[in-house]
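Below, each chain spelled out in residue letters.
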Amino acid sequence: MTAQAPTAPADVYAEVQHFYARQMRYLDSGEAETWAGTFTEDGSFAPPSLPEPVRGRPLLAEGARNAAAGLAAARETHRHWVGMLTVTPADDGSLTAESLVSIVAVAQGGPARLHLVCTCRDVLVREGGRLLVRERVVTRDDRP
Amino acid sequence: MTAQAPTAPADVYAEVQHFYARQMRYLDSGEAETWAGTFTEDGSFAPPSLPEPVRGRPLLAEGARNAAAGLAAARETHRHWVGMLTVTPADDGSLTAESLVSIVAVAQGGPARLHLVCTCRDVLVREGGRLLVRERVVTRDDRP
Amino acid sequence: MTAQAPTAPADVYAEVQHFYARQMRYLDSGEAETWAGTFTEDGSFAPPSLPEPVRGRPLLAEGARNAAAGLAAARETHRHWVGMLTVTPADDGSLTAESLVSIVAVAQGGPARLHLVCTCRDVLVREGGRLLVRERVVTRDDRP
């Protein structure tokens, strides 16, 4: 039996759930700049598909724009679905948020299909009252 | 970078999460009248399958009864799964709740399959302390 | 229209959501003893695959170890995904937590697939400040 990890209070937990619902909605609806604005200026995103993290809002936005264009060309909608979230406060005021993310793909006229399941580990910080991602590491379950 | 939308406080967020868990459970277990009672008297539901919204508890209950009978005949269970929820309070005291809804279908003896993914936009109001749906608009991702 | 069931307050709801996220992460990452420690000493788990509940931490841990070994041999990852949670406080201080649980299976190199959808009904109790499962009953949708 291990000690229970420190748990963010309910108001912070609800805030982080809201944060993800909005952030993923920006991504899935192709609002690339708004999505990039949910990271810090020098925020980094290490997706499983790239050897190095993407760093900074301009490159983050470019990546999101390219992804949206690819999906539009394929006439497909992606929905990022976050769940199984834990939020652990650190001494420096940041939050470590760990979750599962499912990506559901829906083709025009076609069935919905479960495209991917990833684990997501974010470091969230607060700037001017808003939560922002300082560092995101995403891992796929189907890769070693 | 856009301003963060006003966020319902944690107690309201948890209440809305509870509301959906109960409401969808009524629907999936065929409790048609109880499900209809989670809408206001003149509540409306605009599903993607109909040209006009269904309005009022008697018609809502009839629709739910018919859906349950169809599933029973097909020996299939549907589970509505709500996630990626945002709850935004309006000046008139109502709440706009936006979410993704997955429908998982499970045939007797058969595998579970992801049947549909929809977006759901509800206007929730409080009557006698209880949350009720005044207006629901559901959109499917696989239709233009 | 039925009376609304008593709803656990937001802080308890967030705590239970955290509890499940951690508990299922232990299970899915093969931390069998830690997972068993999220049950009471004599906690019981009635899975749909067994005629009798498994009772007590040693047997719970053994079951989790066997499941993890089977998945490792099959080079497959399982992710338990809890949602549609309701938490209802009882007079004796325990909580009844009802949820849907999806199990997503991901084979090495293969696609993610929805393996199962279950309903989970737990009685949670507090010991030394920590939530623990005293009794778990899991039901599969594809079995009568």
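Refer to the preceding data block for the structure.
The model shown is predicted, which means the values in this text are computed figures rather than measured ones. (Residues numbered from 1 in each chain as written. Chains lettered and ligands numbered in written order. Predicted model: local features only at pLDDT ≥ 70, side-chain atom pairs only at ≥ 80, totals over all residues. Heavy atoms only, no water.)

*Asks:* Would you mind going over the relation of the copies chain C and chain A with me for this structure?
*Replies:* Two copies of a chain can be linked by a rotation about an axis combined with a shift along that same axis. Superposing chain C onto chain A takes a rotation of 120 degrees plus a shift of 0.0 Å along the axis, which leaves an RMSD of 0.0 Å. Classification of the inter-copy transformation places it as that of a three-fold axis. Closest to the rotation axis within chain C is the C-alpha of A10 of chain C, separated from it by 3.6 Å. Residue by residue, only 16% of the interface of chain C is reproduced at the interface of chain A, so the copies engage with different surfaces. (Least-squares fit on C-alpha atoms with pLDDT ≥ 70 in both. Contact = heavy atoms within 4.5 Å.)

*Asks:* I keep staring at helix α1 (residues 10-28) of chain C and nothing clicks. Help me out?
*Replies:* Three- or four-residue spacings in an α-helix give side chains the same orientation, since the helix completes a turn every 3.6 residues. All names here are of chain C. Here α1 spans 27 Å end to end across 19 residues, near enough to the 27 Å set by a 1.5 Å rise per residue. For α1, the buried fraction is high: 15 of the 19 residues fall into the buried class. Positive backbone phi, approximately 80 degrees, marks G30, located one or two places after α1. (Helix = DSSP H or I, 4+ residues; strand = E, 2+ residues; numbered from the N terminus. Expected span 1.5 Å × (residues − 1). Buried < 20%, exposed > 50% of the residue type's maximum accessible area, 1.4 Å probe, protein only.)

*Asks:* Explain the packing of aromatic side chains here, please?
*Replies:* Aromatic ring pairs are defined here through the distance separating the ring centres and the angle between the ring planes. On inspection of all chains with the given rule, the structure shows twelve aromatic pairs over all chains. Ring geometry for F19 of chain B against Y20 of chain B: centres 5.5 Å apart, planes inclined by 75 degrees, an arrangement best described as edge-to-face. Both residues of the pair, F19 of chain B and Y20 of chain B, belong to the buried class. For the pair W35 of chain B and F39 of chain B, a centre-to-centre distance of 5.0 Å together with 70 degrees between the ring planes defines the contact as edge-to-face. Relative accessible area serves as the criterion here: at 3%, W35 of chain B is assigned to the buried category. For F39 of chain B, a relative accessible area of 0% gives the class buried. Over the ring of F45 of chain A we find R136 of chain A, and its NZ or CZ is 5.9 Å from the ring centre. (Phe/Tyr/Trp six-rings, centres within 6.5 Å; stacked < 30°, edge-to-face > 60°. Lys NZ or Arg CZ within 6 Å of the ring centre and 35° of its normal.)

*Asks:* When you look at the nonpolar core in this model, what are you seeing that I'm missing?
*Replies:* One broad rule of soluble globular proteins: the nonpolar side chains tend to lie buried together. Residues V16 and Y20 of chain A, V16 and Y20 of chain B together with V16 and Y20 of chain C are the most contacted members of the largest nonpolar core, which totals 111 residues. Of all hydrophobic cores here, the second largest spans ten residues; its members include V104 and V117 of chain A, V117 of chain B together with V104 of chain C. (Core = buried A, V, L, I, M, F, W, Y, C linked by side-chain atoms within 4.5 Å.)

*Asks:* Any chance you could explain the relation of the copies chain B and chain A here in plain terms?
*Replies:* Turning chain B through 120 degrees and shifting it by 0.0 Å along the axis lays it on chain A, with an RMSD of 0.0 Å. In this assembly, only 16% of the residues forming the interface of chain B have copies in chain A that are likewise at the interface, indicating a heterologous arrangement.

*Asks:* Sorry if this is basic, but what is going on with the interface of chain C and chain A here?
*Replies:* Size of an interface, as often reported, equals the accessible area lost when the parts are brought together. The partner chain A presents 31 residues to the 31 residues of chain C that form the contact. Taken together, the two surfaces of chain C and chain A that pack against each other cover about 2400 Å², and 58% of this comes from carbon and sulfur. When the buried area of chain C at its contact with chain A is split by residue, H18, R22 and W81 of chain C rank highest and sum to 29% of it. The interface formed by chain C and chain A includes one salt bridge. (Buried area = accessible area lost by both parts, 1.4 Å probe. Salt bridge = Lys/Arg side-chain N within 4 Å of Asp/Glu carboxyl O.)

*Asks:* How should the interface of chain B and chain A be read in this particular structure?
*Replies:* Contacts between the two partners involve 31 residues from chain B, matched on the other side by 30 residues from chain A. For the pair chain B and chain A, the two sides together bury roughly 2400 Å², of which 58% comes from carbon and sulfur. Across the contact surface, chain B and chain A share one salt bridge. Where chain B packs against chain A, one counts five residue pairs in polar contact (both at pLDDT 80 or more). Contributing elements (two or more residues each) for the side of chain B that touches chain A: α1 (10-28), β3 (76-89), β4 (95-107) and β5 (112-127) of chain B. Looking at the side of chain B that touches chain A residue by residue, the class counts come to 17 nonpolar, ten polar and four charged. (Polar contact = N/O pair within 3.5 Å; in protein donor to acceptor, adjacent residues only side chain to side chain. Nonpolar A, V, L, I, M, F, W, Y, C, P; charged D, E, K, R; others polar.)

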